[in-house]
Every structure is written in C-alpha cells, then in structure tokens.
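Commentary on secondary and tertiary structure
Residue strings, one per chain:
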Amino acid sequence: EKDLPTDIQKRKLYETGRTLLKTSGYEDIGMDHFALPHDNLYLAQRQGRLHRNFMGYTTTNTELLIGLGASAISDAKYAYAQNLKKLEAHRQAVAEDRLPVFKGHILTEEDQEARKFILQIACQGKVTMEGLRYLDDSALKETLREMRREGILKINADGFEVTDSGRPFLRNICTAFDRRIILNDSTKDPALFSKSI
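Residues numbered from 1 in each chain as written. Predicted model: local features only at pLDDT ≥ 70, side-chain atom pairs only at ≥ 80, totals over all residues. Heavy atoms only, no water.

**Regarding the sheet that holds strand S5 (residues 73-75)**
Strand order in this open sheet of 3 strands is S5-S6-S7, and the pairing throughout is antiparallel. The sheet is open, and its two borders are formed by S5 and strand S7 (101-106), each paired with just one other strand. Each neighbouring strand pair of the sheet contributes to a mean axis angle of 15°, computed without reference to strand direction. In terms of strand pairing, strand S6 (residues 79-83) meets S7 through 5 bridges, oriented antiparallel. (Pairing = 2+ DSSP bridges. Helix = DSSP H or I, 4+ residues; strand = E, 2+ residues; numbered from the N terminus. Axes fitted to C-alpha atoms, helices over the stretch in contact; angles between N-to-C directions.)

Structure below.
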C-alpha cells in the first residue's frame, strides 16, 4: 500500500495523461475514456447515442450484460450481480458448476430513476431540467448549485451541463444523484463503492 501513489499523485498522473492524449488528437468523451474524432465512441457521444455499462463506454445499449470472469458485474436491467473477486475462489466455483456470484442487488424504482440521471451525465455531460423537476431533494439541488458556483456545471435553457473544466469530475457529479452512496457515506466503507480518484 505504501508504494501506491497518493490521491494527489493519481490526480497529477491523470492530468498528465489527459494532456498527452489531447495533444495527440484524442477527445475526452467521458470518465477516463478518450477517442479520436473518427472513432465510433466519439461519434456516438456527439450524436447522443453513447452508453455506459460496468465495463466502460459503448455504442451498444442492451438490457442484458453478462459479466464473465473474476469480479465481473452483470446487469439484467432490474438487477446487478457481481462475481467473486478472487481468482482462486472464482475458478473453484466454476469447477464445481456453481455460479461464481458473491453479491447482487435488485434495483428499486428510485435506483432506476437515479441510473437515468447518472447515464445522462456520464454519457452526454448534461441533465435536463425536465428530469430534475420531479426531484424533491433540496440537498441535491444545493449540491448542483455548488458545482455550478465552482465552475464544474453551467446552467442552460435545458438544464445543467458539464463544463470543460468539470469533465474530469464526471464521476463526482454522478455521485450526487446516487442516494446509496450518500446514505452510506457515514459508514466510510471503501469496499462498497468505487473511488473517484
């Protein structure tokens, strides 16, 4: 652990990599993903067709994603399941003809609504006011206003849009819509969710 870079060092490494990719002609299309202007991912992002799943960005949106291998996550639209993380345990389960799943979650209606917002931000870099109107969450609205004050988001006629300086913080913006992360924040259990840095 002591040999791993700190959060500040990771951020600097990310910014260095981002600068190198952009000077080489790549465009920032989302969370840690870059594509050349003629690539399908870039075109899908510009045309509003980009999708994101547990494996990253894709031009294909499917209601069933089967994760194969250790730690892989499957998505069946209304439920998630994650495979065993340790390779040895995963191999043993497969050898014994057992599903190598160690945890799962059935999505509530609230989870499904949150996913819509998160995908809008992660794939299109925006969230519409029409979608936000149904939300009766003053804390979320204040978080969005704070992000606007910080220059991460800007407001336009349709809603909120991620600024160029906000693009490296897409994961943080998405987190604002994930009630499970917010509610579990008091536990400070790092094993529950991915870190933004």
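**Details of the pairing of strand S10 (residues 159-162)**
Note on strand geometry: in a regular strand, side chains alternate between the two faces of the sheet. Sheet topology places strand S8 (residues 126-128) next to S10; 3 bridges connect them, and they run antiparallel. Note on S10: the bridge partner recorded for Lys126 is Glu161. Two strands pair when backbone bridges link them, and strand S9 (residues 153-155) and S10 are joined in this way by 3 bridges, in the antiparallel orientation. Bridge pairing in S10 places Ile155 opposite Phe160.

**Side note on the nonpolar core**
Ranked by internal contacts, the top residues of the largest apolar core, which has 24 residues, are Tyr57, Ile121, Leu153, Ile173 and Phe177. Contributing elements (two or more residues each) for this core: helix H2 (40-46), helix H4 (109-124), helix H6 (138-149), S10 and helix H7 (170-175). At 4 residues, H4 tops the list of elements feeding residues into this core. (Core = buried A, V, L, I, M, F, W, Y, C linked by side-chain atoms within 4.5 Å. Buried < 20%, exposed > 50% of the residue type's maximum accessible area, 1.4 Å probe, protein only.)

**A word on the packing of aromatic side chains**
Both the distance between ring centres and the angle between the ring planes are used here to describe each pair of aromatic rings. Inspection of every chain in the model, using the stated rule, returns 2 aromatic pairs. Summarising the aromatic geometry, the rings of Phe54 and Tyr80 are spaced 4.9 Å apart at their centres and angled 85° between planes, so their arrangement reads as edge-to-face. Pair noted here: Phe54 is in the loop between strand S3 (51-53) and strand S4 (56-58) and Tyr80 is in strand S6, with a separation of 26 residues, a long-range link. Under the relative-accessibility criterion, Tyr80 is labelled partly exposed at 23%. One Lys or Arg, Arg11, reaches over the ring of Phe169 and ends 4.7 Å from the middle of that ring. Over the ring of Tyr57 we find Arg52; its NZ or CZ atom is 4.7 Å from the centre of that ring. (Phe/Tyr/Trp six-rings, centres within 6.5 Å; stacked < 30°, edge-to-face > 60°. Lys NZ or Arg CZ within 6 Å of the ring centre and 35° of its normal.)

**Section: the environment of Arg167**
Here Arg167 shows up in the loop between S10 and H7. For Arg167, a relative accessible area of 13% puts it in the buried group. Considered as a pair, Arg167 and Gly125 are 42 residues apart in the sequence and their alpha carbons are 7.8 Å apart. Apart from the residues lying within four places of it in its own chain, the contact partners of Arg167 are Arg18, Asp28, Ile29, Gly30, Gln45, Gly125 and Val162. (Contact = heavy atoms within 4.5 Å.)

**Here's the deal with the sheet that holds S10**
Pairing between the strands of a sheet is mediated by backbone hydrogen bonds and can be parallel or antiparallel. What the 3 strands build is an open sheet, ordered S8-S10-S9; its pairing is antiparallel. Only two strands of the sheet have a single partner each, and these edge strands are S8 and S9. Averaged over all pairs of adjacent strands, the angle between their axes in this sheet comes to 20°, without regard to strand direction. Along the sheet, H4 makes contact with S8 and S10, crossing S8 at roughly 140°. In this fold H6 packs onto S9 and S10, with an angle of close to 100° to the strand it touches most, S9.

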